[in-house]
Amino acid sequence: MSSLGFQVLYHLLNRRKTIVAERVFLPEPREESLLLEGGRGLGSLESRSPLSRFDLVAFSLPFENDYPGVLKILEAGRIPLLAGERDESDPFVLGGGITTFLNPEPLSPFFDFFLLGEAEPILDRFLEVFREVLHSGGSRREILRILARRVPSLYVPSLYRVTYNEDGTLRSREPVEPGIPERIPVVRSHPLQAPVSTSAILTPDTPFGDRVLVELGRGCGRSCRFCAAGYVYRPPRTHPESRLRRAVDTALEKSRRLGLLSAAVSDTPGIERLTARILEKGGTFSVSSVRADSLTPVLLDHLKASGQKTLAFAPEAGSERLRRVINKHLSEEEILRAVRLAAGRGGFGLRLYLMIGLPTETREDLEAIRDLVKAIKHHVVKESSTRGRIGKIHLSVNCFVPKAFTPFQWFPMEQVETLKEKQKWLKKVLLREGGVTVHFDVPRWAYVQALLSMGDRRVGSILRKVHEAGGDWRKALRYSDINPDFFVYRPKGLEELLPWDFIDHGIRREHLRKEYELALEARESETCRVGECRRCGVCPR
Ligand code: SF4
């Protein structure tokens, strides 16, 4: 329930008089026996109705590692795992969430359809058609056909035929019958029309459950080349300040604690006035991270007054060169300025997000991470000297995973063994610095994430094996007929048909390709200038 997207969907569905939406969660192992009541299978939280009795079972999938949970829920809900094995008595299974509109293909054997893109602009149309056809007496196949024809952004995987070249790359994908769209357009919320999303349910059983989440805006105009959200939520949209003020006032009536959400909270126009208002009204707020180059002393003071103890920045890379490769638009001086402000003014602890395995990364780039951390520590110590207490520095070092619809979609992931060696070296040099703690992600899990991000529909058979092996990825990969390295370690051809190419986000392929080439030259490109720029194809001419 900590996902605002999930909460928004729950609210949008239940505000309709003709629909009752209930929640279902994968039970914790210790709760399984309670929830899998009397052989009826997994039931809903609200009415304990068996999952298999619903007309529609919808999954919101923000992360690839949620995929095995889908299969577990289907099985526990007594719903056939494969879409092709369901009959008229089974619910339809719908997928949504950012992973599905990046690349739904590895999940395609298990889903009847996906609603691609943001839910708000398309949900009403989908529900209207779905309701109409559900009780029309048509077969399951007919219902799927009608939905695919009449609901923009709805993708029915079983209505497409995919063929492969001898080398394993995709040769073609075509609708199996006339009238089914070749490409699926993604519809976006209009920034000025969409209401500000806030969380509707507060529960102590989840992270951030004590605060109302308020979405300040969607998308990010900084154009980082590795960042999928920065591409598929284009153009960047922020709600007008007057609307945010009203949303904050209403949210404060529910809870004195707010969580402000945006890809870059400190970039939000009028953010200082908004946070001042929250404090004046007796509330407090927190933010997940800030851009180092848009952090201001006033915002820091407001964060301090709100009780926030740690500030998170994302330099992503250690060297200026590699930050240009990823189009970060952030200099070392800007990072250190933010560090001085945070350590000096607020005595904040720091959390820094970094990546290893980025395209073109060299030994010098790794050494630059060490040097950047040393410089950061130096400034933290200096700025904290009058306070007598030195703020902690926590590093979170993650492996780069290529994502669809970014300029880095053509790059492979770095070999797991190489990533492990890099982690080992960094651990050795960084832990010499007192006051610095480091968390590394697990390269093997990054590999799994890359497989699920970059795979085509054949990867569904691996997911099935993982499920049958009780979640044991190692075993499933060992006995798979599909070579997972093909999807993870192979650089893709710039002309190659990619598994997600049928989704139309409005981003021109030539734009991604140009950004890819600029990355290889370590050259930055412009950030978004909505209203003035037409570069990527998303903003109307
Ligand atoms: S057209 Fe320009 S401003 Fe619009 S989303 Fe693309 S890069 Fe950003």
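Residues numbered from 1 in each chain as written. Predicted model: local features only at pLDDT ≥ 70, side-chain atom pairs only at ≥ 80, totals over all residues. Heavy atoms only, no water.

Let us look at the nonpolar core. Core analysis: the biggest nonpolar cluster contains 163 residues, and Phe113, Phe126, Leu147, Leu311, Phe313, Ile376 and Leu426 have the highest contact counts within it. Residues in contact with Leu426, not counting those within four places in the same chain, are Ile356, Leu366, Ile369, Val397, Leu431 and Phe440. (Core = buried A, V, L, I, M, F, W, Y, C linked by side-chain atoms within 4.5 Å. Buried < 20%, exposed > 50% of the residue type's maximum accessible area, 1.4 Å probe, protein only. Contact = heavy atoms within 4.5 Å.)

Of all five residues in strand β2 (residues 92-96), five are buried; the element is thus mostly enclosed. In β2, alternate side chains face the same way, and those of Phe92, Leu94 and Gly96 on one face and Val93 and Gly95 on the other are all buried. In this structure, strand β1 (residues 56-60) lies alongside β2, joined through five bridges in parallel fashion. Along β2, the bridge assignment pairs Val57 with Val93. In this region the chain leaves β1, passes through helix α3 (residues 67-76) and returns to the parallel neighbour β2; the handedness of that crossover is right-handed. (Helix = DSSP H or I, 4+ residues; strand = E, 2+ residues; numbered from the N terminus. Pairing = 2+ DSSP bridges. Right-handed = clockwise from strand over helix to strand, strands pointing away.)

In the sheet, strand β5 (residues 160-164) pairs with strand β6 (residues 170-175) via five bridges, with the strands oriented antiparallel. Looking at the pairing, Val162 lines up with Arg173 of β6. Here β5 folds back onto β6, and the loop between the two strands holds five residues, one of which, Gly168, carries a positive phi near 95°.

Take the packing of helix α9 (residues 271-280) against helix α10 (residues 297-305) next. Their axes nearest at 10 Å, the elements α9 and α10 cross at an angle of 25°. Between α9 and α10, the crossing angle belongs to the class labelled roughly parallel. Of the two elements, α9 crosses α10, and the hand of that crossing is left-handed. Along its contact with α9, which presents Ile271, Glu272, Thr275, Ala276 and Leu279, the element α10 presents Val298, Leu299, His302 and Ala305. Classifying every residue of the contact of α9 with α10 by side-chain character gives six nonpolar, two polar and one charged. (Axes fitted to C-alpha atoms, helices over the stretch in contact; angles between N-to-C directions. Parallel < 35°, antiparallel > 145°, perpendicular 65-115°, else oblique. Left-handed = near helix turned anticlockwise from the far one by under 90°. Nonpolar A, V, L, I, M, F, W, Y, C, P; charged D, E, K, R; others polar.)

What follows deals with the environment of Gly179. Position of Gly179 among the secondary structure elements: in the loop between β6 and β7 (184-185). As a C-alpha pair, Gly179 and Arg321 span 142 residues in sequence and 49 Å in three-dimensional space.

Next up on the list: helix α1 (residues 4-14). What α1 keeps buried is the set Leu4, Gln7, Val8, Tyr10, Leu12 and Leu13. Each element contacted by the buried residues of α1 is listed here: α5 (123-134), β8 (212-215) and β11 (257-261).

Let's shift gears to the sheet that holds strand β3 (residues 113-115). Reading across the sheet, the four strands line up as β1-β2-β3-β4 and stay open at both edges, with mixed pairing between neighbours. What marks the edges here is a single partner per strand, and that holds for β1 and β4 (154-155). Of the strands in this sheet, β2, β3 and β4 touch helix α6 (residues 140-150), which is tilted by about 30° from β2.

Turning to the layout of surface pockets, a few remarks are in order. Approximately 390 Å³ is the volume attributed to the second largest pocket. Lining the second largest pocket we find 22 residues, and of these Cys220, Gly221, Pro236, Arg237 and Thr238 sit closest to its centre. Contributing elements (two or more residues each) for the lining of the second largest pocket: β9 (217-218) and β10 (237-238). Considered class by class, the residues forming the lining of the second largest pocket number eleven nonpolar, seven polar and four charged. (1 Å grid on protein atoms, 1.4 Å probe; cavity = no way out; pocket = protein on both sides within 12 Å on 5 of 7 lines; lining within 4 Å. Points joined across faces, edges and corners; volume = space filled by probe spheres on them.)

Let us look at the packing of aromatic side chains. Following the criterion strictly, the structure yields 18 aromatic pairs and no others. Judged by centre distance (6.1 Å) and plane angle (20°), the rings of Phe114 and Tyr155 are stacked. Note that Phe114 is positioned in strand β3 and Tyr155 in strand β4, a separation of 41 residues in sequence. Through successive ring pairs, a cluster of aromatic residues spans Phe59, Phe111, Phe114, Tyr155, Tyr160 and Phe502. In this structure, Arg234 is placed above the aromatic ring of Tyr231, and the distance from its NZ or CZ to the ring centre is 4.0 Å. Over the aromatic face of Trp425 sits the side chain of Arg363, whose NZ or CZ is 4.4 Å from the ring centroid. (Phe/Tyr/Trp six-rings, centres within 6.5 Å; stacked < 30°, edge-to-face > 60°. Lys NZ or Arg CZ within 6 Å of the ring centre and 35° of its normal.)

Let's shift gears to the sheet that holds strand β16 (residues 436-440). Taking strand neighbours across the sheet as the criterion, the four strands line up as β13-β14-β15-β16 in an open arrangement whose pairing is parallel. Every interior strand has two partners, whereas the edge strands, β13 (310-316) and β16, have only one. Shown here is a sheet whose adjacent strand axes are inclined to one another by a mean of 20°, direction ignored. Contacts between helix α13 (residues 363-384) and the sheet are confined to β13, β14 (349-356), β15 (393-399) and β16, with β14 contributing the most and set at about 170° to the helix.

Turning our eyes to something else, we now look at a positive patch on the surface. A contiguous patch of positive charge on the surface is contributed by Lys304, Lys309, Arg389 and Lys392. Along the chain, Lys304 turns up in helix α10. Relative accessible area serves as the criterion here: at 41%, Lys304 is assigned to the partly exposed category. (Patch = residues over 30% accessible without salt bridge, like charges linked within 9 Å, V, L, I, M, F, W, Y side chains within 5 Å. Areas by Shrake-Rupley, 256 points an atom, 1.4 Å probe, with all protein chains shown as cover. Salt bridge = Lys/Arg side-chain N within 4 Å of Asp/Glu carboxyl O. Lys, Arg positive; Asp, Glu negative; His and termini not counted. Charge placed at Lys NZ, Arg CZ, Asp CG, Glu CD.)

In this section: α9. Turning to α9, its buried residues are Ile271, Leu274, Thr275, Ala276 and Ile278. The elements touched by buried residues of α9 are α8 (241-254), β11, β12 (284-287) and α10. Gly282 sits one or two residues past α9 and shows a positive phi near 85°.

What follows concerns the state of the cysteines. For the structure on display, the rule yields zero disulfides. Left without a disulfide partner, Cys227 is nearest to the cysteine sulfur of Cys224, which lies 6.2 Å away. (Disulfide = S-S within 2.5 Å.)

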